[in-house]
Number of protein chains: 2
Amino acid sequence: MNSDRIRLPSLLEKVKSADEAAALIKDGMTVGMSGFTRAGEAKAVPLALVERAKKDPLKITLVTGASLGNDIDKKLTEVGALARRLPFQADNTLRKAINDGQVMFIDQHLSETVEQMRANQIARPDIAVVEAVSITEKGHIVPTTSVGNSANFVQFAKQVIVEINTTLSPELEGLHDIYLQEERPNRTPVNLLKPDDRIGTTAIEVDPSKIVAIVFSDLSDSPSNALPADSETQAIADHLIEFLKKEVDAGRLPNSLRPLQVGIGTIANAVTSGLVKSPFTDLVQYSEVLQDSTFELLDAGKLKFASGSSITISAPCAERVFGNVAKYKDKLVLRPQEISNLPEIVRRLGTISINTALEFDIYGNVNSTHVSGSKMMNGIGGSGDFARNAQLAVFVTKSTAKGGAISSVVPMVSHVDHTGHDTDILVTEIGLADLRGLAPRERARAIIDNCVHPDYRFALNDYFERACAKGGQTPHILREALEWHINLEERGNMLSKG
Amino acid sequence: MNSDRIRLPSLLEKVKSADEAAALIKDGMTVGMSGFTRAGEAKAVPLALVERAKKDPLKITLVTGASLGNDIDKKLTEVGALARRLPFQADNTLRKAINDGQVMFIDQHLSETVEQMRANQIARPDIAVVEAVSITEKGHIVPTTSVGNSANFVQFAKQVIVEINTTLSPELEGLHDIYLQEERPNRTPVNLLKPDDRIGTTAIEVDPSKIVAIVFSDLSDSPSNALPADSETQAIADHLIEFLKKEVDAGRLPNSLRPLQVGIGTIANAVTSGLVKSPFTDLVQYSEVLQDSTFELLDAGKLKFASGSSITISAPCAERVFGNVAKYKDKLVLRPQEISNLPEIVRRLGTISINTALEFDIYGNVNSTHVSGSKMMNGIGGSGDFARNAQLAVFVTKSTAKGGAISSVVPMVSHVDHTGHDTDILVTEIGLADLRGLAPRERARAIIDNCVHPDYRFALNDYFERACAKGGQTPHILREALEWHINLEERGNMLSKG
């Protein structure tokens, strides 16, 4: 059986236990691991590393594609093995360690991590640990449910550990399109003109002598933790679809829209599901994470093709998709995240990009990452790669949180991830604000009138009007601009006053 | 003489007075005018429009490349002719009208204005007014000292007014490289691989029947208003050059560095001049504005080639350059600003981008535009196009302003144009902070230790330490985060307390 999954015979002797492989990871190393949004992470080796760290403490810099499943970030944090972490995470325990200043977290645009490694601006991995369905006759690595930064880590690292996941069909081979950009100054355009173009190879090329260990694992990806749609996410979807219909009617978009990018999470996933009942046809996705909604749209015949960097789906959806790889394989491609998120391609294609905001302000600045300006949630992810370069940059959020104690629409966001220059459309369950071509004062009017919860509208209008009386292109009253957040911190509600 | 400048005979009959041409501009129109950073704007027609508006009031939406010279924005504002203005300006009178809410100003990334027009997200110009040195045998328009958005405006507008500037030599023909991107979804890569590549035509192609008027003008560009270097700008240049030398020594940059982009203004210009005495050789520029420093570097044999969208230089430099066009022409190219600033190309080339900050905070967020969070200075310009995609995004500023009443390094910026994700290197006359690969708390340490003026260091350290005790990935004390700005507003000094 090993020789089915490892088709270069000389590599068979590299098969080791997870413990043996984990022993190759040394204190102080920069470790590049596969994994993007709970999909396709190496599992057995990092879990063995956790066990080892209990006896033999070590600290590493862990670089991945994005977030990991199987509680790997949690467990590595608990044993104190993480000194530094980049470029994204979504784990409660790690989040706490980050916010306590115990783990240095570098929050990055997901397209940029390997760019910075290539230019030696950040350390290249000493060792790469990459999940695969198989190794080819040439010793090349066929990834699993994500590509992420794996291909680049394999290129940069001196040593490579491959973890073969036997729960996934070797039929996944052919799903991936691996393209690596050249170093500067001799870089050429990325010749990807349509989401279904293939420009690379189906496996990660590597000098087989760099492969120092091959580990077999039978651990599965953690299922998506997106919640089902509710009446508010449904209302958000309805507003957005209504808007897109009008764009089609006005001749600004074709009925197939533009390639869709949808951020990870409950709201964005629900919005995409809403397209099943829309009048649009022949849709395509050029996204980073393919979620349940991608397969709903494919099954409904609404979506022709989906390009992403990972497949992060619920357990029932995984059974449907990975049990029928042949049915879906010609409609999907997984790419390195540098390519799925590349500004060059996003701008060329002109995606419609739908990402979730934590909060936005009356001028259209978006906070995607920091609660109360200080506490990290997950990271900016790919939202900046897409929003800056999309044809339509859409941000969605429910208008309130914590039972109404928090308004997601505030006078001034407590942290900025996306500036007003980069936000076109804002949607809450209350309604949609179209900010295109508007000056800041006009943006404020559109946002307050359309997106804010009625409980907060009076106060927001009051702030805006008094700020306008003071003047400015982007009128603010600095003494009050963050008052809602201060109220929340001190009294648990944005509008309760001392 | 007309036939030297208008080489398509059938167009000779379109020659009109500036007043006649200005009469073609109607109330409510969107007018696309040439002009980028005080270079190559149409002059006679807008000045005639000013005179006409005194008798016959009108309001237009004025779209340009960037800022205009010859006080055109000032005069149009004074006669109340501007309803809306985009994407950039740098005029005192207009700035006041913007901040008073009288003119709606849409501050945009300079690469994006025509992209939004192409997608019909903002109105296309009804009429284009473009300065030229000549019109070719085919009726095509040869621009003058800038390209800006002119070629796209000519493509989009129903009517075109050409203003021929007789003060400039027709020898400028051949300096420009006009390339227009296709509409989506059929767009192809922009095949520009090196700053000196030429990918387009030397004149703006147009159906001659769209040309409704040709006006002769003998008005010159306003000279650059950059100030000479002083000891502080010299210190900033020295810190940056020292850093770049270390990058070369460490093998992270070649001795020819990477293509340089330098923002408009005194500090950035002075920094570039500083390269004359540096050890670097065979430099190239891929920038938006070519300033005096470009020609200093060319004359010194340090710079091999410069690509930009405009030439904005002092009167003596203009005499040297435009009196010797043949000497410089093969070392220069002017492109549409969509191409000079295109994320695709900036990322491919990996520029070293040096732009001026109004202020930055301890986490590396940069405010480029808004005084005290509300009042617009000029606009973001191209700084976002470059900083996001550069190999090295550098922001420079003096550590204090207003005789020390203002610290340019603050706890939290009062407005964000560039997030910490996009800033690599910050420089003041005090020193340089290298933020690459650092988490926010580490960034704060580097910035406070290296960039802040000694008069503010204690207070900034105090804020940061107390914020860290509170916790968070990006520790802040919201109640105090904007206090320095509030002090400044209320008492004229960032550190004076009530």
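Residues numbered from 1 in each chain as written. Chains lettered and ligands numbered in written order. Predicted model: local features only at pLDDT ≥ 70, side-chain atom pairs only at ≥ 80, totals over all residues. Heavy atoms only, no water.

We count it as follows: UniProt positions are given in the numbering used here, feature names are shortened, and annotations may be inferred rather than shown by experiment.
Per an unreviewed UniProt entry, the recorded name for chain A is Acetyl-CoA hydrolase/transferase family protein, and the organism is Azorhizophilus paspali. Under the heading Sequence similarities (unreviewed entry), UniProt records this for chain A: "Belongs to the acetyl-CoA hydrolase/transferase family."

1. Focus: the overall build of chain A
We count it as follows: For the purposes of this entry, the term helix denotes a DSSP run of H or I that reaches at least four residues, the term strand denotes a run of E that reaches at least two, and both are numbered from the N terminus. C-alpha atoms define the radius of gyration in this analysis, and the globule rule sets the expected value at 2.2 Å times the number of residues to the power 0.38. We call a residue buried when its accessible area falls under 20% of the maximum for its residue type, exposed when it is over 50%, and partly exposed in between, using a 1.4 Å probe and counting protein chains only. Residue contacts are defined here by distance: any two heavy atoms, one from each residue, within 4.5 Å place the two residues in contact. Only the protein chains shown count as cover for residues, and all accessible areas are computed by the Shrake-Rupley method using a 1.4 Å probe. Charged-residue counts in this description rest on Lys and Arg as positive and Asp and Glu as negative, His and the chain ends being excluded. To locate a charge, the coordinates of NZ of Lys, CZ of Arg, CG of Asp or CD of Glu are taken.
Scanning chain A from N- to C-terminus turns up 19 helices and 25 strands. Radius of gyration (C-alpha) of chain A: 23 Å, near the 23 Å computed for a compact globule of 498 residues. Dimensions of chain A, computed from the C-alpha atoms along their principal axes, are close to 75 × 50 × 45 Å. Each of the 498 residues in chain A was classed as buried or not, and the buried ones make up 65%. The long-range share in chain A, meaning contacts at least 24 apart out of those at least 6 apart in sequence, stands at 72%. When the accessible area of chain A is evaluated, it comes to approximately 15800 Å², of which 50% is carbon and sulfur surface. Between the centroid of the 54 positive side chains of chain A and the centroid of its 63 negative side chains there is a distance of 2 Å.

2. Thoughts on the sheet that holds strand 23 (residues 409–410) of chain B
Residue and element names in this part refer to chain B. Note the cut-off: Two strands pair under a simple rule: DSSP has to find at least two bridges between them.
Across the sheet, which stays open at both edges, the three strands sit in the order 17-16-23 with mixed pairing between neighbours. Of all strands in the sheet, those with a lone pairing partner are strand 17 (366–367) and strand 23, marking the two edges. The pairing of strand 16 (residues 359–361) with strand 23 spans two bridges and is classified as parallel. The partner of F360 across the bridge, within strand 23, is V409.

3. Describing the sheet that holds strand 23 (residues 409–410) of chain A
Residues and elements named next belong to chain A. Strand order in the open sheet formed by three strands is 17-16-23, and the pairing between neighbours is mixed. The open sheet is flanked by strand 17 (366–367) and strand 23, the only strands paired with a single partner. Relative to strand 17, strand 16 (residues 359–361) is paired through two bridges, and the arrangement is antiparallel. In the strand pairing of strand 17, E359 is matched with N367.

4. Considerations on the UniProt feature "domain: Acetyl-CoA hydrolase/transferase N-terminal" (unreviewed entry) in chain A
Per the UniProt record, "domain: Acetyl-CoA hydrolase/transferase N-terminal" (unreviewed entry) is found at residues 12–215 of chain A. Secondary structure within residues 12–215 of chain A divides into 22% helix and 19% strand; the distance between the first and last C-alpha atoms comes to 11 Å.

5. Details of the pairing of strand 1 (residues 30–33) of chain B
All names here are of chain B. Put simply, the test is: Note on handedness: a crossover is taken as right-handed if, strands pointing away from the viewer, the path from the first strand over the helix to the second is clockwise.
Across the two faces of strand 1 the burial is the same, with T30 and G32 and V31 and M33 all buried. Here strand 1 pairs with strand 2 (residues 60–63) via three bridges, running parallel. The residue bridging G32 from the neighbouring strand is V63, located in strand 2. In the classification by handedness, the crossover that spans strand 1, the intervening helix 3 (residues 44–55) and the parallel strand 2 is right-handed.

6. Description of the side chain of B:T474
The criterion, for reference: Under the rule applied, a polar contact is a pair of N or O atoms within 3.5 Å (in protein, one hydrogen donor and one hydrogen acceptor; residues adjacent in sequence only if both atoms are side-chain atoms).
Relative to the assigned elements, B:T474 resides in the loop between helix 17 (454–470) and helix 18 (478–481). Looking at B:T474, its side chain comes within polar contact range of the side chain of A:H370, at 2.7 Å. Not counting residues up to four positions away in its chain, the partners in contact with B:T474 are A:H370, A:G373, A:S374, B:Y363 and B:P440.

7. Focus on the relation of the copies chain A and chain B
In plain terms, the rule: Residues reaching a pLDDT of at least 70 in both copies supply the C-alpha atoms on which the copies are superposed by least squares.
The two copies are related by a screw motion: chain A maps onto chain B through a turn of 180° and a shift of 0.0 Å along the axis, at an RMSD of 0.0 Å. One copy is carried onto the other by what is essentially a two-fold rotation axis. Identified as the residue of chain A closest to the rotation axis by C-alpha distance is A:E344, at 2.1 Å. When you check the interface residues of chain A against chain B, 100% turn up at the interface there too, and the contact is symmetric in its surfaces.

8. Concerning the packing of aromatic side chains
Residues and elements named next belong to chain A. Applicable threshold: Centres within 6.5 Å are what make two rings of Phe, Tyr or Trp a pair, Trp counting through its six-membered ring; a difference in plane orientation under 30 degrees is then read as stacked, over 60 as edge-to-face, and the rest as tilted.
Scanning all chains against the criterion turns up six aromatic pairs over all chains. Ring centres of Y456 and W484 lie 5.5 Å apart, and the angle between their planes is 40°; on these two criteria the pair is classed as tilted. With Y456 in helix 17 (residues 454–470) and W484 in helix 19 (residues 483–491), this pair connects stretches of sequence that are 28 residues apart. Accessibility assignment for this pair places Y456 and W484 in one class, buried.

9. Overview of helix 11 (residues 315–322) of chain B
All names here are of chain B. How we decide: Directions from the helix axis toward the C-beta atoms define the arc.
Turning to helix 11, its buried residues are C317, V321 and F322. For helix 11, the arc enclosing every buried residue in end-on projection is 110°, short of the 170-degree limit, so these residues lie on one face. Along helix 11, the residues that are exposed and aim more than 90 degrees away from the buried face are P316 and E319. Buried positions along helix 11 lie against helix 10 (292–299), strand 13 (310–311) and helix 12 (325–329).

10. With respect to the interface of chain A and chain B
Our working definition: Throughout, buried area stands for the accessible area (probe radius 1.4 Å) lost by two parts on being put together, summed over both. Only one rule defines a salt bridge in this text: a Lys or Arg side-chain nitrogen within 4 Å of an Asp or Glu carboxyl oxygen. Polar here means any residue other than Ala, Val, Leu, Ile, Met, Phe, Trp, Tyr, Cys and Pro, which are nonpolar, and Asp, Glu, Lys and Arg, which are charged; Gly is therefore polar.
Facing the 78 residues of chain A at the interface are 78 residues of chain B. In total, about 6600 Å² of surface goes out of reach between chain A and chain B, with carbon and sulfur atoms giving 47% of it. A salt bridge links B:E115 to A:R347; the nearest nitrogen and oxygen atoms lie 2.8 Å apart. Linking chain A to chain B there are 48 residue pairs in polar contact (both at pLDDT 80 or more). Of all the secondary structure elements, the ones that give two or more residues to the side of chain A that touches chain B are helix 5 (92–99), strand 4 (104–105), helix 14 (343–349), strand 19 (375–376), helix 15 (383–389), helix 16 (440–450), helix 18 (478–481) and helix 19 of chain A. Ranked by residues supplied to the side of chain A that touches chain B, first place goes to helix 14 of chain A with five residues. For the side of chain A that touches chain B, a count of residues per class yields 26 nonpolar, 27 polar and 25 charged.

11. Things to note about the environment of A:S17
Residues and elements named next belong to chain A. The residue S17 is located in the loop between helix 1 (2–5) and helix 2 (18–22) in this model. Judged by relative accessible area, which is 32%, S17 ranks as partly exposed. Between the alpha carbons of S17 and I352 there is a distance of 45 Å; along the sequence they are 335 residues apart.

12. Re the packing of helix 10 (residues 292–299) of chain A against helix 11 (residues 315–322) of chain A
Residues and elements named next belong to chain A. Threshold: A fitted line through C-alpha atoms represents every axis, and for helices the fit uses only the stretch in contact; the resulting angles, taken between N-to-C directions, go from 0 to 180 degrees. Angles are sorted into four bins: roughly parallel if under 35 degrees, roughly antiparallel if over 145, roughly perpendicular if 65 to 115, and oblique for all others. A clockwise turn of the near helix away from the far one marks a right-handed crossing, whereas an anticlockwise turn of less than a right angle marks a left-handed crossing.
Relative to each other, helix 10 and helix 11 sit at 50°, their axes nearing to 10 Å. Looking at the two axes, helix 10 sits oblique to helix 11. Taken as a pair, helix 10 and helix 11 cross one another with a handedness that is left-handed. Packed against helix 10, whose contacting residues are D292, F295, E296 and D299, the element helix 11 presents C317, R320 and V321 at the interface. In terms of residue class, the contact of helix 10 with helix 11 is built from three nonpolar, no polar and four charged.

13. Comments concerning the confidence of the model for chain A
Low-confidence regions, as indicated by low pLDDT, have predicted coordinates that should not be scrutinised in detail. Quick note on the threshold: A score between 0 and 100, pLDDT records how confident the predictor is in each residue.
When pLDDT is averaged along chain A, the result is 97, and 99% of the positions lie at 70 or above. Here the complex is predicted with pTM 0.98, and the ipTM for its interfaces comes to 0.98.

14. Let's talk about the pairing of strand 8 (residues 211–217) of chain A
Residues and elements named next belong to chain A. In terms of residue burial, strand 8 counts as a mostly covered element, since six of its seven residues are buried. Two strands pair when backbone bridges link them, and strand 7 (residues 159–165) and strand 8 are joined in this way by six bridges, in the parallel orientation. Looking at the pairing, V160 lines up with I211 of strand 8.

15. A few points about the environment of A:S310
Residue and element names in this part refer to chain A. Structurally, the position occupied by S310 is in strand 13 (residues 310–311). It is 27 Å that separates the C-alpha atoms of S310 and K375, two residues lying 65 residues apart in sequence. For S310, the contacting residues outside a window of four places in its chain are F36, T37, A39, T145, S146, E288, V289, L290 and L334. Within the structure, S310 has its side chain in polar contact with the side chain of T37 (distance 2.8 Å).

16. Structural notes on helix 9 (residues 266–273) of chain B
For an α-helix, 3.6 residues make a turn, and residues three or four places apart therefore share a direction. Residues and elements named next belong to chain B. Of all eight residues in helix 9, seven are buried; the element is thus mostly enclosed. Residues of helix 9 that are buried: I267, A268, N269, A270, V271, T272 and S273. Elements that come into contact with the buried residues of helix 9 comprise helix 8 (231–249), strand 9 (260–262), strand 10 (283–286), helix 10, strand 15 (352–356) and strand 20 (392–396).

17. Topic: the side chain of B:R187
Here B:R187 is to be found in the loop between strand 7 (159–165) and strand 8 (211–217). Residue B:R187 is classed as buried on the basis of its relative accessible area, which comes to 3%. In terms of polar contacts, B:R187 uses its side chain to reach the backbone carbonyl oxygen of B:E182, at 2.9 Å. With near-sequence residues (within four places) excluded, B:R187 lies in contact with A:L193, A:R347, A:R348, B:E115, B:R118, B:Q181 and B:E182.

18. Some words on the pattern of salt bridges
Residue and element names in this part refer to chain B. Overall, the coordinates contain 74 salt bridges over all chains when judged by the stated rule. We note a salt bridge from R7 to E137, for which the minimum N-O separation is 2.8 Å. Of this pair, R7 sits in the loop between helix 1 (2–5) and helix 2 (18–22) while E137 sits in the loop between strand 5 (127–135) and strand 6 (141–143); the two residues are 130 residues apart in sequence, bridging distant segments of the chain. Residue R7 is classed as partly exposed on the basis of its relative accessible area, which comes to 26%. The residue D449 makes a salt bridge to R445 at a minimum N-O spacing of 3.0 Å.

19. Description of the environment of B:V162
Residues and elements named next belong to chain B. With respect to the helices, strands and loops of the structure, V162 is situated in strand 7. Each C-alpha atom, one on V162 and one on S224, is 24 Å from the other, the two residues being 62 residues apart in sequence. With sequence-adjacent residues up to four places away left out, V162 is seen in contact with V130, A132, I135, I141, I211, A213, I214 and V215.

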